[in-house]
Amino acid sequence: MLHIEIDGKPLEVEHGSTIIDAADKVGIAIPRFCYHKKLSVAANCRMCLVQVEKFNKPLPACATPVADGMKIFTRSKAAVEAQKSVMEFLLINHPLDCPICDQGGECDLQDIAVAYGASGSRYAEEKRVVLNKNIGPLISTDMTRCIQCTRCVRFLKEVGGMQELGLVGRGEHAEITAYVDKSVNSELSGNIIDLCPVGALTNKPFRYSARSWELTRRPSIAPHDGLGSHIEVHVKDNKVMRVLPREKESINECWLSDRDRYSYVGLNSPDRLKVPMIKHNGTWVETDWKTALEFAAGQIKDITNQHGADSLGVLASPNSTMEEGYLIKQLANGLGCGNVDYRLRQTDFRLDGKRVGIPWMGCNIQEIEELDRILIIGSNLRNEHPLLAQRFRKAVANGAELSVVSPLDNDPLMKVAHKVIVRPNDMVNVLGQILKAMSGLQRLSLCLPPSLNALLETITVRPNTQAMAESLAGLAGPDGLVDLVAPKVGLFIGNMALSDPRFTEMYSMMEAIGGICGAKGGILPAAANSTGMHFMGVMPNATGMHARAMLEVPRKAYLLLNVEPELDCQHAALAKAAMAQAECVVALTAYKSEALENADVLLPIAPFTETSGTFMSMEGRVQSFSAVTKPLAECRPAWKVLRVLANTLGLDGFDFDSSEAVKNAIFKGEKPSTVVWRNLNNNLKELVEIEVNIKSDGLQRIGEVPQYESDPIVRRSVPLQKTKYNIRPMARMRAEQMAQLDLVEGDIVLATQDKGSAVLQVKLDNHVAMGCIRIAASHEQTIGLGDLMGDITIEKTSKELYKPYETTMLKVVA
Amino acid sequence: MVTGAKTSVNTTAKKPVMTDLKGQTLLTLRSLNEENPASLETYIKLGGYAQLKRIVTEKVKATDIITQIKTSNLRGRGGAGFPTGLKWSFMPRYYDGTKYLVCNTDEGEPGTFKDRDIIRYNPHQLIEGMAIAAYTLGARVGYNYIHGEIWQDYDIFEAALHEAKAAGYLGENLFGSNFSFDLYAVHGYGAYICGEETALIESIEGKKGQPRFKPPFPASYGVFGKPTNVNNTESYTSIPWILQHGGQAFADLGVPNSGGTKLFSISGHVEKPGNYEVKMGMPFADLLALAGGIWKGRQLKAVIPGGPSTAVMTAEMVQNATMDYDGLSKAGSSLGAGSMIVMDDTTCMVKTLKRLSYFFYEESCGQCTPCREGTGWVYRVISRIVDGKGKMEDLDLLTDVSNNISGRTICALGDAAATPVLSFIKHFRPEFEYYITHGKSMVDGR
Amino acid sequence: MLSKESIEKIDYELTKYPADKRQAAVMSALRIVQTERGWLSKESMTEVAEYLRIPEIAVMEVATFYNMYDLEPVGKYKISICTNISCMLRDSDAIVTHLQNKLGVGFNEVTPDGKFCLKEGECMGACGGAPLLIVNNHTMHEFLTVDKVDAILEELK
């Protein structure tokens, strides 16, 4: 520890701290613009100049390491003089257009100028004007306001993983820009708005819609991926105006993914369902709640009375709250129906009943940074978990070795030490190779189920899987200097693997590998409350049907919670057909659109901003939130709708008067973290037998869910839909594949899966494994297709069959 | 031979046109008396590479070499004048990885052009000096970063490198030892700031030449983040001579605190502009006489003794000064890189300052606030004065703004930009006041 | 597409740096491509970025920072004339005026026949030869006089 003094205050600081760290710790405010605790030190704004004893020049507090005995003066005459002169320089070319600037009221330059600026300017010359840049639909630019602090440049390079902005030119002409005509495409791009200390980068959808002081700021939890980011929702006149991160170091730090930041636009979408609706003779009729609920209850009751309780299928979105999940499960069970499931995008349910506890990510979010060796299986990380990916990036920057087994070779924007890119079907074999190599390294005889053992017998370990095994064992690769003893290893399995028909085998392999190398890790669940839904058991009971079976063997009636069947289910064509043949579909939904054309009753529920509830994140954190606005029009929180529906159905035990009461019922009065701790467990009771008769050739579809199509809210966020990620689905394949199929880029093909087809354009994508066609899911154009990760055939077809795309599905129903 | 390498460049550069060798003490330019000064043959004839061979084959201890350099009183010739021996002792002795050696031949400070003559007339002595430094400091790879505008000279130097490599003075296992050193020529392409050593390092790495904040210094975090020693061309080129004759002999050439000879670049209003290598401490008057005196029989008005980042001196201040670190410091300026810009009595100091402030405005890298914003402010105010729209309070404003730039930036360019403004106004204030009052120059009436 | 010759030259420059530091060659790569094509278009910068496997914006940062790179066409011959102090003291203004009159263009303009472009240069580190100019970045002419300038122009025609 070093002993220093700041402004006469003696303090002890750690070796290697900078002056600004030390001052921040004791609450001595030093003004700054370029410095940010999460970014590299640039020391370019010079605002944090302070006086240090024995130095004849002021020193930048952000870049000066403290030394023992150092005496620092942040408010001395010399320090303040330096700070004031820097402020004067910063303002000479600043437009001072604060009255029309969106940053007004929350601007660092404005705030610090109040303290350090002069009342008038000595600068009488011409001011600099910088042309604005169009960097995409999410961020607007007013570059004349820029003070060249380069926080945005450093963020995209260091946190985002790719330099997309630069400071071009030099001297007074230096300006921040993206490459000629390019937009900023990072899935974390919105953070540069928060980082910008002036109004140069502002929120484009929010632009000019409110002044910061008119907004009420309310805390909430991000509703899309399983990270559980803390957000602050800004509300004006009962309308969500924008979303910002709330700092939570252990979860989202001070960042937010673009999906979490901009999805709110979907909350204000014109196709929000405002009143209950019933379909009469094929026409939608608005009605009141009482009528709608009685109609829905009557239909459900009639059908279950007539055909038995298992003629009902209940599908709930994993983006629903724990309370909603609890109630819908109670409701189904109350009717005697065991057909309940939240696993809409899963096809392999062989692990049901074999788990010891609730599957989760297997470690906490922060721990990822400390890992030495990482294996990621079947995940396009940046697409599935945009902000979590950044933690992995930090681990890799800290020296961790990352290995990837995936059907897609998308750049994770971090160094990949080893990778195997193969057909989804072959991932099992690759994992088998790693397992075999690891057991060879440890000279272990594995205690595996016979079929797994038999599989390993036939497997030949290739050099790349051998290298992966050695990496996971901590052995130094060709670039490494020393072997690691007992490295911290993390194994994670992602959404593509979760949707795969051989998920069970992959999971078993992962568990076996993890057992050998003492790894942490688990699944990276897709949605905000996947872990919570599993915890609550929103899954079939012993005699019930899982999500896939409910569609394969169609039910007479369906109850949908926050689900748009063709877009949210694993097998779009199957889902569509099942809904179409049902006698009655009751949908609790926030939106009315063609996506629910086969429903019979639409009950308007409140999205997360209009209801209270709880999500359990992928690390098992139980996070409750309150409504930030009143429900729109006639919308009601889903937990209330389910309560009244249950009451109307004549079921007992639904007398909750708040979501808090539901939560208490879930945790039975115990502390949630205690209950969670007891239940989270990725282990299997036994390793699962391998299915040996798997087809080993033929084309496979990689039906990735694009991140801005993942759930009903984000699908309706216009600015996110305008980003370059929103491309209409195409038949993407690598060059060799194209040659093999005798296709060229731009050809039109008919893609056929078991229950349907889609007409698509061929696109070159060398990130796709050989033997695979990558066709995005959750999109109107591909709702005719089947399994996300299933067999597919491709044949060339006539260009006339290819229709220009125009969204109709998400159009408002008249 | 590597594909793309230059093989056809004629290394026999022409001899300098202007300067008179009489009265000079040729040490870093010792080949100048020869017919083909830049050729390897000439350099060998002059005893070249003998010191490198001796040191490597006799395994002379690095500490002994550093002691010689310290004794020699060699101070960095790039302008800062930091003792070279001391700098060398900062390099970590034991390091697990590649250490780098960098030579700064990025002369872009107005009036500075000495290193250009070394690389075009005596490249092998620089190469030998760098190889000796590499041996001493344990550097495996070296780069000579050459100003982009002197392209023909870059070609000459790169050809000399290939020549030296072919002859076994560079490359693997020199003279059968386990000492290996690869040296490469790299170039700037029009940025004065790259003469600053950390900007130069950034540029070698293929980035904008924006200086790094120090610490860490290059000795611990230099090229590609590795320990790196950076010296000026003239400094490295002095090394073989020092090791041949001993540090004391070099020190004895100069005056106390300034050892050896110095290359002075003399430009402006003299009869024979060019480079003059003389002993440290030569009286200003003698040096001016070597350059043929003030041209056209005019009178001396002012001298910038070490490039614009050193304070301008009036004729009176400079006439009795000696040309060495202490001598010029005593006279009210500094030696800098020895770039003497001479101005006669027809020179308008206001317009001259305008041009210099434009230079710093144009060359500011834009990284840190005071320099980026301040150099433009200063240039605009001076331009306004030259346009006849000056106000008397502008002079205090200029002084104040310059003081606010100085000492508050990442690198020394801020100080360099402030120096001419402060010294011109200080020493020639009446000329500025006249210009403001009359809207035209006191000197040329325009 | 970078030409075979350019790639060979860039590959030679790459031998100067560690294999994982391809960005280091960007200064030479841009110089090589500019020498071949006369100036650096967006496409040229993109090709350099792709060849060196670095972000395009990193190439653009470099290309816009160093003033010998031209991001606009500069005609067949770019004449950069130094007007800094040492040249100014030896009347570079007269040379500039002569060039401007003779070519009929100001600084940063290209003659209508696309042959010449005049640029104001900063210090070229050769002030002993003031006043001076550089043709196409790589050929320096020193000790200029009006007559000498005429001779240079004549030779370029």
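Presented here is an overview of the structure given in this document. (Residues numbered from 1 in each chain as written. Chains lettered and ligands numbered in written order. Predicted model: local features only at pLDDT ≥ 70, side-chain atom pairs only at ≥ 80, totals over all residues. Heavy atoms only, no water.)

A closer look at the overall build of chain A
Then, in step 1: Each helix and strand in chain A was counted, giving 25 helices and 32 strands.
Then, in step 2: Taken over C-alpha atoms, the radius of gyration comes to 28 Å for chain A, in line with the 28 Å a tight globule of 814 residues would show.
Then, in step 3: Overall size of chain A, expressed as C-alpha extent along the three principal axes, is 90 × 70 × 60 Å.
Then, in step 4: Residue burial in chain A is summarised as follows: out of 814 residues, 63% are buried.
Then, in step 5: Of the contacts formed within chain A by residues at least 6 apart in sequence, a portion of 74% connects residues at least 24 apart.
Then, in step 6: Averaged over its 90 positive side-chain charges, chain A has a centre that lies 3 Å from the centre of its 96 negative ones. (Helix = DSSP H or I, 4+ residues; strand = E, 2+ residues; numbered from the N terminus. Rg over C-alpha atoms; globule rule 2.2 N^0.38 Å. Buried < 20%, exposed > 50% of the residue type's maximum accessible area, 1.4 Å probe, protein only. Contact = heavy atoms within 4.5 Å. Lys, Arg positive; Asp, Glu negative; His and termini not counted. Charge placed at Lys NZ, Arg CZ, Asp CG, Glu CD.)

Considering the interface of chain C and chain B
Then, in step 1: In this assembly, 45 residues from chain C lie in contact with 67 residues from chain B.
Then, in step 2: Between chain C and chain B we count 4 salt bridges in total.
Then, in step 3: With a closest N to O distance of 2.9 Å, Glu158(B) and Lys16(C) form a salt bridge.
Then, in step 4: Residue assignment for the side of chain C that touches chain B shows that the elements contributing at least two residues are α1 (4–14), α2 (26–37), α4 (56–65), α5 (85–89), β2 (116–121) and β4 (139–141) of chain C.
Then, in step 5: Taken together, the residues of the side of chain C that touches chain B sort by class into 21 nonpolar, 14 polar and 10 charged. (Salt bridge = Lys/Arg side-chain N within 4 Å of Asp/Glu carboxyl O. Nonpolar A, V, L, I, M, F, W, Y, C, P; charged D, E, K, R; others polar.)

Here we look at the environment of Tyr358(B)
Then, in step 1: Position of Tyr358(B) relative to the elements: it lies in helix α14 (residues 349–363).
Then, in step 2: Sequence separation between Tyr358(B) and Tyr43(B) is 315 residues, and the spatial gap between their C-alpha atoms is 42 Å.
Then, in step 3: Leave out the neighbours within four places in its chain, and Tyr358(B) touches Tyr379(B) and Glu122(C).

Digging into the sheet that holds strand β19 (residues 418–421) of chain A
Residues and elements named next belong to chain A.
Then, in step 1: Read from one edge of the open sheet, 5 strands run β19-β18-β17-β20-β21, paired in parallel fashion. Looking at strand neighbours, the two that pair on one side only are β19 and β21 (520–523), the edges of this open sheet. Taking the axes of each pair of neighbouring strands and ignoring which way they run, one obtains an average angle of 10° across the sheet.
Then, in step 2: Both strand β17 (residues 373–377) and strand β20 (residues 489–493) contribute to a ladder of 5 bridges, which runs parallel. Residue leucine 375 lies in a different strand from β20, and its bridge partner there is leucine 491. (Pairing = 2+ DSSP bridges. Axes fitted to C-alpha atoms, helices over the stretch in contact; angles between N-to-C directions.)

Notes on the sheet that holds strand β1 (residues 77–82) of chain C
All names here are of chain C.
Then, in step 1: Strand order across the open sheet formed by 4 strands is β2-β1-β3-β4, with mixed pairing between neighbours. Each of the sheet's edge strands pairs with one partner strand only, and the pair in question is β2 and β4. Strand-to-strand twist across the sheet, computed as the mean angle between neighbouring axes with direction ignored, equals 25°.
Then, in step 2: Here strand β3 (residues 133–135) pairs with β4 via 3 bridges, running antiparallel. Residue pairing across strands places valine 135 opposite threonine 139, the latter belonging to β4.
Then, in step 3: Lying on the sheet, helix α6 (residues 92–103) is in contact with β1, β2 and β3; it crosses β1 at an angle near 155°.

Section: the nonpolar core
Then, in step 1: Counting 156 residues, the largest nonpolar core has Tyr143(B), Leu30(C) and Tyr66(C) as its most contacted members.
Then, in step 2: Per-element tally for this core: the top contributor is helix α17 (residues 413–438) of chain B, with 10 residues.
Then, in step 3: Counting residues in each nonpolar core, the second largest holds 127 residues, with Leu90(A), Ile147(A), Leu331(A) and Ala646(A) among its members. (Core = buried A, V, L, I, M, F, W, Y, C linked by side-chain atoms within 4.5 Å.)

Focus on the pattern of salt bridges
Residues and elements named next belong to chain A.
Then, in step 1: Under the defined criterion, the tally for this structure stands at 88 salt bridges over all chains.
Then, in step 2: Among the ionic pairs, glutamate 564 bridges to arginine 715, the shortest N-O distance being 2.7 Å. One end of the pair, glutamate 564, is in the loop between β22 (557–561) and α18 (565–568); the other, arginine 715, is in helix α23 (residues 712–715), and 151 residues separate them in sequence.
Then, in step 3: With a relative accessible area of 1%, glutamate 564 lands in the buried category.
Then, in step 4: Among the residues examined, arginine 715 registers a relative accessible area of 3% and is labelled buried.
Then, in step 5: For aspartate 765, the salt bridge goes to arginine 774, with nearest N and O atoms at 2.9 Å.

What to know about the interface of chain A and chain C
How big an interface is tends to be stated in terms of the accessible area lost upon association of its parts.
Then, in step 1: Chain A puts 14 residues into the contact, and the matching count from chain C is 13 residues.
Then, in step 2: A combined buried area of about 1200 Å² lies between chain A and chain C, and 59% of that area is made up of carbon and sulfur atoms.
Then, in step 3: For chain A, the biggest contributors to the area lost against chain C are Gln163(A), Arg170(A) and Tyr179(A); these three give 56% of the whole.
Then, in step 4: Connecting chain A to chain C are 2 salt bridges. (Buried area = accessible area lost by both parts, 1.4 Å probe.)

Section: the packing of aromatic side chains
Then, in step 1: Applying the stated criterion across every chain, the model contains 32 aromatic pairs over all chains.
Then, in step 2: Centre to centre, the rings of Tyr49(B) and Tyr169(B) are 3.9 Å apart; their planes meet at 0°, and the pair counts as stacked. In this pair, Tyr49(B) is assigned in the loop between α1 (40–45) and α2 (50–57) and Tyr169(B) in the loop between α7 (151–166) and β3 (182–187), connecting sequence segments 120 residues apart.
Then, in step 3: The buried category is assigned to Tyr49(B), whose relative accessible area is 1%.
Then, in step 4: Looking at Tyr169(B), the relative accessible area reads 15%, which means it is buried.
Then, in step 5: One aromatic cluster in this structure is built from Trp151(B), Tyr154(B), Tyr189(B), Phe65(C), Tyr66(C) and Tyr69(C).
Then, in step 6: Between Arg170(A) and the ring centre of Phe65(C), over which it is positioned, the NZ or CZ distance is 5.8 Å. (Phe/Tyr/Trp six-rings, centres within 6.5 Å; stacked < 30°, edge-to-face > 60°. Lys NZ or Arg CZ within 6 Å of the ring centre and 35° of its normal.)

Any functional reading would require information beyond the geometric quantities listed.
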